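Examination of the molecular architecture
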Amino acid sequence: MSLMDAARAVREHAYAPYSKFKVGAALRAGSGAVYAGCNVENVAYPEGTCAEAGAIAAMIAGGDTAIAEIAVIADSPKPISPCGGCRQKIAEFAEGDVTVTLATTDGNQTETTVAALLPGSFDSDYLSRV
């Protein structure tokens, strides 16, 4: 199963009763293992979680700590892009040149990199005096 196929499959399990906007994400860790996540809404809207965050949490729970590649899919008019918070979460575990594939459910997709999604990211270098 390809990374995009894994993201497409997990998207079907998204819990999105309020927005009806289901998102799936899958990542390949440095070990080669694939982890997937879907968005989970909550009636208190800001308490939901994004698909990318779910995939990252699964990766950490699985014992991996590095993203080698990530794919995100949604039923949107153009390829879905991670929110700002998820861009920062992805950057925590991925090098800048890691490929990010963004897609729609009708097959439109584009590729970018972590660095292109989050230029000038906040990283641990800023904490060197702490």
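1. A few points about the pairing of strand β4 (residues 99-104)
Extensive coverage of β4 is indicated by the burial of five of its six residues. Direction of pairing for strand β3 (residues 67-74) relative to β4: parallel, over a ladder of six bridges. Among the inter-strand pairings, Ile73 is bridged to a residue of β4, identified as Ala103. The handedness of the β3 to β4 crossover, carried by helix α3 (residues 84-93), is right-handed. In terms of strand pairing, β4 meets strand β5 (residues 109-113) through five bridges, oriented antiparallel. Along β5, the bridge assignment pairs Thr99 with Thr113.

2. Comments concerning the sheet that holds strand β2 (residues 34-38)
With mixed pairing, the five strands of this open sheet are ordered in space as β2-β1-β3-β4-β5. What marks the edges here is a single partner per strand, and that holds for β2 and β5. The sheet shows a mean angle of 15 degrees between the axes of neighbouring strands, taken without regard to direction. With seven bridges joining them, strand β1 (residues 23-29) and β3 adopt antiparallel strand pairing. Its bridge partner lying in β3, Ala29 is registered against Ile67.

3. Things to note about the side chain of Asn39
Relative to the helices and strands, Asn39 is located in the loop between β2 and α2 (51-61). What makes Asn39 buried here is its relative accessible area of 8%.

4. Structural notes on the nonpolar core
Formed by 21 residues in total, the largest nonpolar core has its most connected members in Leu27, Ile67 and Ile90. Residue assignment for this core shows that the elements contributing at least two residues are β1, α2, β3, β4 and α4 (114-117). In this structure, Leu27 is in contact with Leu3, Ala33, Val34, Tyr35, Ala55, Ile56, Met59, Ile67, Glu69 and Ile70, ignoring residues within four places of it in sequence. Formed by eight residues, the second largest nonpolar core is a distinct cluster that contains Ala26, Ala71, Ile73 and Ala103.

5. Considering the environment of Ala115
Note on placement: Ala115 falls in helix α4. What makes Ala115 partly exposed here is its relative accessible area of 39%.

6. Some words on a nonpolar patch on the surface
A contiguous nonpolar surface patch, about 530 Å² in accessible area, is contributed by Tyr15, Tyr18, Val40, Val43 and Tyr45. Residue placement: Val43 occurs in the loop between β2 and α2. Val43 sits in the exposed class, given a relative accessible area of 62%.

7. Focus on the packing of aromatic side chains
Using the criterion set out here, one finds two aromatic pairs in the structure. Ring geometry for Tyr18 and Tyr45: centres 6.0 Å apart, planes at 85 degrees, overall edge-to-face. With a gap of 27 residues between them, Tyr18 in the loop between α1 (3-11) and β1 and Tyr45 in the loop between β2 and α2 connect regions that are remote in the sequence. In this structure Tyr45 comes out as exposed when scored by relative accessible area, which is 56%. Ring centres of Phe122 and Tyr126 lie 5.1 Å apart, and the angle between their planes is 5 degrees; this geometry places the pair in the stacked category.

So, how was this worked out
- Residues numbered from 1 in each chain as written.
- Predicted model: local features only at pLDDT ≥ 70, side-chain atom pairs only at ≥ 80, totals over all residues.
- Heavy atoms only, no water.
- Buried < 20%, exposed > 50% of the residue type's maximum accessible area, 1.4 Å probe, protein only.
- Helix = DSSP H or I, 4+ residues; strand = E, 2+ residues; numbered from the N terminus.
- Pairing = 2+ DSSP bridges.
- Right-handed = clockwise from strand over helix to strand, strands pointing away.
- Axes fitted to C-alpha atoms, helices over the stretch in contact; angles between N-to-C directions.
- Core = buried A, V, L, I, M, F, W, Y, C linked by side-chain atoms within 4.5 Å.
- Contact = heavy atoms within 4.5 Å.
- Patch = residues over 30% accessible without salt bridge, like charges linked within 9 Å, V, L, I, M, F, W, Y side chains within 5 Å.
- Areas by Shrake-Rupley, 256 points an atom, 1.4 Å probe, with all protein chains shown as cover.
- Salt bridge = Lys/Arg side-chain N within 4 Å of Asp/Glu carboxyl O.
- Phe/Tyr/Trp six-rings, centres within 6.5 Å; stacked < 30°, edge-to-face > 60°.

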